[in-house]
Amino acid sequence: MTEQIDHQLDITSDVCPMTFVRAKLLIEKMLPGKVAEIRLKGSEPLNNVPRSLTELGHEILSMNREEGESDTGVHRLVVRKK
């Protein structure tokens, strides 16, 4: 089942802590139940952004590496606001 994406954010050119700050600001603007797709890369953002959003109570639906990318390359994180 594929989730409908309501919002998109590309933070692949940002570094921590701005990656989480930008993701959090997007989530705060969303209505509960809406879904965001966030493109991110780098070991810190890949670890910190999903963990921090989960700690805030949001649901991580998926996180998948884009085709042809390395383990720390561009990933797509899909999250639902609670």
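Residues numbered from 1 in each chain as written. Predicted model: local features only at pLDDT ≥ 70, side-chain atom pairs only at ≥ 80, totals over all residues. Heavy atoms only, no water.

(A) Quick peek at helix H1 (residues 18–29). Its 12 residues give H1 an end-to-end C-alpha distance of 17 Å, which sits within 8% of 16 Å, the value for a rise of 1.5 Å per residue. Along H1, the residues that are buried comprise Thr19, Ala23, Leu26 and Ile27. Down the axis of H1, the sector holding all buried residues measures 95 degrees, keeping them to one side. Where H1 is buried, its residues contact strand S1 (7–10), strand S2 (35–40), helix H2 (43–55) and strand S4 (75–80). (Helix = DSSP H or I, 4+ residues; strand = E, 2+ residues; numbered from the N terminus. Expected span 1.5 Å × (residues − 1). Buried < 20%, exposed > 50% of the residue type's maximum accessible area, 1.4 Å probe, protein only. Arc of directions from axis to C-beta. Contact = heavy atoms within 4.5 Å.)

(B) Just the side chain of Glu37, in detail. Secondary-structure assignment places Glu37 in strand S2. A polar atom in the side chain of Glu37 sits 2.9 Å from the side chain of Arg76. Glu37 has contacts with Ile5, His7, Gln8, Leu9, Arg76, Leu77 and Val78, leaving out every residue within four places of it along the chain. (Polar contact = N/O pair within 3.5 Å; in protein donor to acceptor, adjacent residues only side chain to side chain.)

(C) Quick look at the nonpolar core. Counting 14 residues, the largest nonpolar core has Ile38, Leu40 and Leu53 as its most contacted members. Excluding residues within four positions of it along the chain, Leu53 makes contact with Phe20, Ile27, Ile38, His58, Ile60, Leu77 and Val79. (Core = buried A, V, L, I, M, F, W, Y, C linked by side-chain atoms within 4.5 Å.)

(D) The arrangement of the side chain of Glu66 in detail. Positionally, Glu66 belongs in the loop between strand S3 (59–65) and S4. For Glu66, a relative accessible area of 17% puts it in the buried group. Those residues in contact with Glu66 that lie beyond four places of it in its chain are Arg39, Val74, His75 and Arg76.

(E) A look at the pattern of salt bridges. Taken as a whole and judged by the stated rule, the model has 11 salt bridges. Between Glu66 and Arg76 there is a salt bridge, and its shortest N-O distance comes to 2.9 Å. Taken together, the positions of Glu66 in the loop between S3 and S4 and Arg76 in strand S4 put the pair 10 residues apart, joining distant regions of the chain. A single salt-bridge network, built from bridges that share partners, covers Asp10, Glu37, Arg39, Glu66 and Arg76. (Salt bridge = Lys/Arg side-chain N within 4 Å of Asp/Glu carboxyl O.)

(F) Up close: the pairing of S2. Most of S2 is tucked away, with 5 of its 6 residues classed as buried. Strand direction decides the pairing type here: S1 and S2, joined by 4 bridges, are parallel. Bridging across to S2, Leu9 finds its partner in Ile38. Handedness of the β-α-β unit built from S1, H1 and S2 comes out right-handed. Two strands pair when backbone bridges link them, and S2 and S4 are joined in this way by 6 bridges, in the antiparallel orientation. By the bridge assignment, Arg39 is partnered in S4 with Arg76. (Pairing = 2+ DSSP bridges. Right-handed = clockwise from strand over helix to strand, strands pointing away.)

These values are about where atoms sit, not about what they do.
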